[in-house]
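Remarks on the overall topology
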Amino acid sequence: MSQHAGQVEPQSRPFLGPGPGPGPGRSAQPTPPAKGKAEAAIVVGAADDVFPLAARRALASLNREAARQRRAQRAEQSRRRKAKRTVAVDSSRAKTSTEALRICVQQLKWREFPTGRHLFCDIYWHGVSFHDGEVSCASQVNKYPGMMEMTRKINFSRAVRTMQELFPDEYKFYPRSWILPEEYQHFVDQVRLSKENDSSWKPTFIVKPDGGSQGDGIYLIKDSSDIRIMSSLHSKPAVVQEYISKPFLIDRLKFDIRLYVLLKSIDPLEIYIAKDGLSRFCTEPYQEPNSRNFHRVFMHLTNYSLNVHSGNFVHSDSANTGSKRTFSSILAKLSLRGYDVKKVWSDIITLVIRAIIALIPELKVYHQMYIPPGKPGPTCFQILGFDILLMKNLKPVLLEVNANPSMRIEHEQEIAPGVFEYVPSPVDEEVKVAVIRDTLRLIDPTLKKNVSQTQSTEYSAENDGEDTTESDAQSKSEASSGAVQNWPPLCLKQVFPKYTRQFSYLLIVERIALLFIRFLGIKGTLKLGPTGFRTFIRTCKLSNSNLPMASVDILYIDIARRWNIIRGERGESGMCLQAFMDAIFHMAQRRYKSQPLRQQVEALVNFCEYQLEALDEKHFLHNRTPDLKPSLTMIHPERPRSGAVSNVHLLNRMSTSNRLLTSSLPVSMDKQHVKSMNRRVTACSPAGSISPNGRGSLGCRFCRNNNQSCSVVGLNDVRSQQVKLTQMLHSCATWYSM
């Protein structure tokens, strides 16, 4: 048999692939196989003689398919190993959240590093601010840069006041506020005028120190002359607000609501609200404030840190009784009394979304300073504490927003005179552990797809029935990653972008912030210099006969100096975001007269965005790669055209009705660019297009048509921009020969 195999000539064997040929100095006669390889050689030779070429090819195809399946199986095993990897949490700076965080990490079967870790951690849990310690670029941290500054009482009041100027009806949930000492005289004048107009008005005001917490330094006044130690306000500024003298009472006691809100992302904006919170009660029966009870803080202030020292404070293991209860128990009691609980929840959700929208512009400026776009940096999220008071008609009023709400799940208890110890608090643990655990579930780095319902739906009180859908989506996501499936439904309800359609019109200030960030020039700064402001004016073509560049320089100097004095930065230069918005408001009022401020500002922002989009479009058309140029033909009015011409709506990115069709574009890059244009859909602004006869047309996103006279933009502006637009498009636009 071995002789027969050795007699087979190499030329008679079909070629199966490359192999070692006869080298130099070697004979073509095959060498006898080794003892261990003889049988293999016989089988190969026999297979070559027995199986035809088609069968051998089919066998090779089966081998390749088996190899592909083995590779896929190894990849799946690798994915499962990665999905099962333990998440590392650095809790060395968690402070009051330490105990609750430890319970949540143990429940999730993650790994905690209470003393820190030299290596990379997936999640860093800070107790105070973003800057508590160094964070890995690929990790997540539970604080946003700038959040602690923006939730201080003065900065938050300024942010809400800006929104109140544009949307007075939408931001009535925040009491009228004055900043001391800079607005003291304005406060005195307004109170005097209000009393002269209504002699029956007898207001009460509450003074809150800017940096105060846990009720420290808060007191009530009846008149501006009652403000304590005016000289100290220069070193310790404060906010004075109208006091809600007729709150909703339960058992004759005043109470407020601590509601926990997860800000999961600011770009895109993603907000979750906890379905349950804490209700904190005063410890003395409430009476309307007068000169005899101003000093009784246990009657007027709901702060837990104050009332816990009252002799009437009741520690209870039940969520329905005691001086601290769950919010769900309050809602159940309201429902039994016949109140519309869904309406209460709907108003609270509206309040939370609007309050966060007021914070977002400044947060984005801080974010680009510490985590510049395009550079590696950590992903941020944060749990906020909203303190809400229900008025007598059950309308919610926002008292303040806490960047660092206490997550302590135990309370102090006096076990002997003057001896205190911390004992577990079942009510705190029930609410706070669920909030932290579900926050970690939502930001779980091992999940490829977190729970996110991005499709906008109609906003109504009946939407609460959709919570199960979100929880099911989270469960499916955890199941796909191999996570344990013994968790209850999420206690966090997504409210944004779920209700984007109802609140998108409030984002006008965020659009101003994006203009501000674009012209900052030097990344990592919070202030716009004079060169950047002049560049903004020139690029957006805001300078004209009514606003020459000399007036622009004077405007910059006046507004920047005034805001630096207001913010206590006398020796510094530059224009902060609040000063930039002040300049935008001023220019909008000069440019678009006899209109409400909101329409004026919106028209100016639309005009600026239109100019910037035209500039970006021009740069895009001029910076095409050489291999794409042969497919493009420049439009000239005098040049004869052959074939169909596709209209290119270059500038109307904002209008969904004028989106570009990518099916007629021959170049893949053009299709990708048009898709990126169609994704950016916001409010109204002018729209440009090129018609087949070469004439340009200008439309308006306000009136959604091509009328030359628009009541919002103005006749002269539209005509002048039509001329410039036609000139620009004739020199830059492209058309495609079909």
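That block above? That's the structure.
Residues numbered from 1 in each chain as written. Predicted model: local features only at pLDDT ≥ 70, side-chain atom pairs only at ≥ 80, totals over all residues. Heavy atoms only, no water.

Attention now moves to the packing of helix 16 (residues 530–539) against helix 17 (residues 549–566). Running from amino to carboxyl end, helix 16 crosses helix 17 at an angle of 135 degrees, the nearest separation of the two axes being 10 Å. Compared by their axis directions, helix 16 and helix 17 come out oblique. Regarding helix 16 and helix 17, the two cross each other, and that crossing is right-handed. Taken together, the residues of helix 17 that come into contact with helix 16 (itself represented by Pro530, Phe533, Arg534, Ile537 and Arg538) are Met549, Val552, Asp553, Leu555 and Tyr556. A breakdown of the residues in the contact of helix 16 with helix 17 according to their chemical character gives 7 nonpolar, no polar and 3 charged. (Axes fitted to C-alpha atoms, helices over the stretch in contact; angles between N-to-C directions. Helix = DSSP H or I, 4+ residues; strand = E, 2+ residues; numbered from the N terminus. Parallel < 35°, antiparallel > 145°, perpendicular 65-115°, else oblique. Left-handed = near helix turned anticlockwise from the far one by under 90°. Contact = heavy atoms within 4.5 Å. Nonpolar A, V, L, I, M, F, W, Y, C, P; charged D, E, K, R; others polar.)

Quick look at the pattern of salt bridges now. Under the criterion given, the structure shown has 30 salt bridges. Notably, a salt bridge pairs Arg68 with Glu65, separated by 2.5 Å at the nearest N-O pair. On the criterion of helical spacing, the pair formed by Arg68 and Glu65 is a turn pair, its members being 3 residues apart in helix 3 (residues 53–83). The exposure class of Arg68 is partly exposed, given its relative accessible area of 41%. Look at Glu65 and you get partly exposed, because its relative accessible area is 33%. Of the charged contacts, one joins Lys395 and Asp347 as a salt bridge, the two residues approaching to 3.7 Å between their closest N and O atoms. One end of the pair, Lys395, is in the loop between strand 15 (382–390) and strand 16 (396–402); the other, Asp347, is in helix 11 (residues 341–370), and 48 residues separate them in sequence. Taking the relative accessible area as the measure of exposure, Lys395 reaches 38% and is therefore partly exposed. (Salt bridge = Lys/Arg side-chain N within 4 Å of Asp/Glu carboxyl O. Buried < 20%, exposed > 50% of the residue type's maximum accessible area, 1.4 Å probe, protein only.)

On to helix 11. In this model helix 11 runs 42 Å from its N-terminal to its C-terminal C-alpha over 30 residues, within 8% of the 44 Å that 1.5 Å per residue would give. At Ile360, helix 11 shows its largest kink, close to 35 degrees, and the proline Pro361 lies no more than four residues downstream. Counting buried positions over the 30 residues of helix 11 gives 25, a clear majority of the element. Of the residues flanking the start of helix 11, the one acting as N-cap is Asp340, its side-chain oxygen 3.3 Å from the backbone nitrogen of Lys342. (Expected span 1.5 Å × (residues − 1). Bend = angle between axes of the 7 residues up to and from the residue. Polar contact = N/O pair within 3.5 Å; in protein donor to acceptor, adjacent residues only side chain to side chain.)

Take the side chain of Ser129 next. Structurally, the position occupied by Ser129 is in the loop between strand 3 (123–126) and strand 4 (140–141). Ser129 has contacts with Lys143 and Met148, leaving out every residue within four places of it along the chain.

For the rest of this paragraph, the subject is the pairing of strand 12 (residues 278–281). Side chains Leu278 and Arg280 project from strand 12 onto one buried face, and the interleaved Ser279 and Phe281 project onto a second face that is buried too. Judged from the 4 bridges that link them, strand 10 (residues 253–266) and strand 12 form a sheet pairing that is antiparallel. In the sheet register, Asp256 faces strand 12, and the bridge partner there is Arg280. The pairing of strand 12 with strand 13 (residues 324–326) spans 3 bridges and is classified as antiparallel. Considered in strand 13, the bridge of Leu278 is made with Thr326. (Pairing = 2+ DSSP bridges.)

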